[in-house]
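Secondary and tertiary structure notes
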Amino acid sequence: MPAFTVMTFNVRGAHFDDGANQWLQRAALNIATIRQHAPDLIGFQEVHPANLDAYREHLAQYEYLVGPHYNDKEPYQHATIAWNPERLRLVESGGFWLSLTPECYSRAWDTACTRAATWTRLEWIEAGLTLLHLNTHLDHIGEEARREGANVIVRQLQQLGHAGEPIIVTGDFNCPPNSAAHRTFEEYGFADTYAAAGNHAAALTYHEFLGPAYVPTEQDDDRIDWILLHDQQQCLNVTACDIIQDAAPPLYPSDHYPVLATFARA
């Protein structure tokens with residue numbers, strides 16, 4: 001059966017002052033990591049214009065949907081989606097904000113900044129299957145904002161989804177699997193692909209450019225970057241899901257490890 005891979009990756013915006021790990025120093029390693037694992041579909045978070053410029057130049061094999069801007073000052077960030085057009089064909093796309101008025105740039109609850117989501121409907125060409133992919137970045141401060149943001153996403157997906165169509169959600173959720181946001185997705189029938197692939201131990205995805213030396217807080221003491229699947233018709237099987245720890249210390253591709261899931265046609 002054919003298979004395809006999906007990556008979620010908070011790439012750490014290019015306009016932050018990260019010392020030895022500033023974007024110009026680690027861009028080549030970041031790009032090499034993506035090229036090495038060659039995902040067919042990517043949900044990027046925290047993309048600044050300079051990140052996107054580098055991807056378009058050095059990962060030109062992908063097509064890109066930038067998505068609505070978020071954060072509250074320039075340079076804005078984007079939850080950008082990239083896909084391999086040789087395997088996936090864009091059908092339609094859009095985006096919205098995580099607020100009480102998702103159709104316009106806005107914020108709500110205890111969020112520290114404006115947040116957004118980007119979505120694509122794609123045809124997996126060789127499998128003859130259409131799927132919906134949504135990519136997002138929940139708030140890093142507000143627990144209510146994360147919970148309510150997850151609810152906004154689920155409601156929007158219910159409006160966007162077609163009957164029987166698999167839905168894949170990628171993102172930096174800024175909270176671990178025991179959180180209210182994760183439970184919200186579970187209650188609506190989403191499976192966490194990391195657990196579905198047989199991984200059950202706690203595992204970090206955020207590491208602050210410290211790799212294994214990072215000492216986590218309660219908020220990030222387990223995976224905060226997830227790939228979720230809603231698949232009522234069981235069109236897809238999750239065959240693997242791994243946290244990619246490629247690095248060349250003291251350089252790291254990002255302050256987050258990317259997560260890579262493999263889906264096979266059922």
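Residues numbered from 1 in each chain as written. Predicted model: local features only at pLDDT ≥ 70, side-chain atom pairs only at ≥ 80, totals over all residues. Heavy atoms only, no water.

1. Examining the nonpolar core
Counting 25 residues, the largest nonpolar core has F4, I168, L236 and F263 as the members making the most contacts within it. Elements represented by at least two residues in this core include exactly β1 (3-10), β6 (81-83), β8 (116-124), β9 (129-137), β12 (225-230), β13 (236-243) and β14 (259-265). The element contributing the most residues to this core is β13, with 4 residues. Judged by nonpolar contacts, the second largest core, of 22 residues, contains W119, L160, V169 and C175. (Core = buried A, V, L, I, M, F, W, Y, C linked by side-chain atoms within 4.5 Å. Buried < 20%, exposed > 50% of the residue type's maximum accessible area, 1.4 Å probe, protein only. Helix = DSSP H or I, 4+ residues; strand = E, 2+ residues; numbered from the N terminus.)

2. Topic: unusual backbone geometry
Residue P75 is reached from E74 by a cis peptide bond, and omega for that bond is 0 degrees. Phi at R12 is positive, roughly 65 degrees, even though this residue is not glycine. Inspection of the secondary structure puts R12 in the loop between β1 and α1 (23-37). Note on R12: relative accessible area 18%, which makes it buried. Not every positive phi belongs to a glycine, and N174 is a case in point at roughly 55 degrees.

3. A closer look at the sheet that holds strand β10 (residues 167-172)
Sheet architecture is open: 6 strands sit in the order β7-β8-β9-β10-β12-β11, paired in mixed fashion. The outermost strands of the open sheet, each flanked by one partner alone, are β7 (88-97) and β11 (191-192). Contacting β7, β8, β9 and β10, helix α3 (residues 143-160) crosses the sheet at an angle of about 155 degrees to β9. Sitting on the sheet, helix α4 (residues 180-187) is in contact with β10, β11 and β12, with an inclination near 15 degrees to β12. (Pairing = 2+ DSSP bridges. Contact = heavy atoms within 4.5 Å. Axes fitted to C-alpha atoms, helices over the stretch in contact; angles between N-to-C directions.)

4. Details of the sheet that holds β14
In any sheet, the strands associate via hydrogen bonds between backbone groups, in a parallel or an antiparallel arrangement. Pairing is mixed across the open sheet formed by 6 strands, whose spatial order is β3-β6-β2-β1-β14-β13. The sheet is open, and its two edges are formed by β3 (63-65) and β13, each paired on a single side. With direction set aside, neighbouring strand axes in the sheet form an average angle of 20 degrees. Where β13 meets β14, 7 bridges bridge the pair, whose relative direction is antiparallel. When the sheet's bridge partners are listed, V238 is paired in β14 with F263. Set on the sheet, α1 makes contact with β1, β2 (41-45) and β14; between it and β1 the angle comes to about 165 degrees.

5. Observations concerning the state of the cysteines
This structure, assessed with the given rule, holds 0 disulfides. C104 forms no disulfide, and the closest cysteine sulfur to it belongs to C113, at a distance of 16 Å. Sulfur of C175: no disulfide; nearest cysteine sulfur belongs to C113 and is 14 Å away. A relative accessible area of 2% places C175 in the buried class. (Disulfide = S-S within 2.5 Å.)

6. Details of α4
What α4 keeps buried is the set A180, A181, H182, T184 and F185. Where α4 is buried, its residues touch α3, β10, β11 and β12. Positioned one or two residues after α4, G189 has a phi angle of 95 degrees, which is positive.

7. Thoughts on the pairing of β14
Within β14, 6 of the 7 residues are buried, which leaves it mostly tucked inside the rest of the structure. Alignment of β1 against β14, held across 6 bridges, turns out to be antiparallel. Within β14, the position partnered with T5 by the bridge is T262.

8. Some details on the packing of aromatic side chains
The full count for this structure, using the stated rule, is 11 aromatic pairs. With a centroid separation of 5.8 Å and an interplanar angle of 80 degrees, the aromatic rings of F173 and F185 are classed as edge-to-face. Of this pair, F173 sits in the loop between β10 and α4 while F185 sits in helix α4; the two residues are 12 residues apart in sequence, bridging distant segments of the chain. Relative accessible area serves as the criterion here: at 1%, F185 is assigned to the buried category. Note on Y206 and Y214: the rings are 5.4 Å apart at their centroids and 85 degrees apart in plane angle, and the pair reads as edge-to-face. Taking relative accessible area as the criterion, Y206 reaches 16% and is therefore assigned buried. Seen from the ring of F16, R12 lies directly overhead, with NZ or CZ sitting 3.9 Å from the centre. (Phe/Tyr/Trp six-rings, centres within 6.5 Å; stacked < 30°, edge-to-face > 60°. Lys NZ or Arg CZ within 6 Å of the ring centre and 35° of its normal.)

Note that all results are geometric; they support no functional claim without further evidence.
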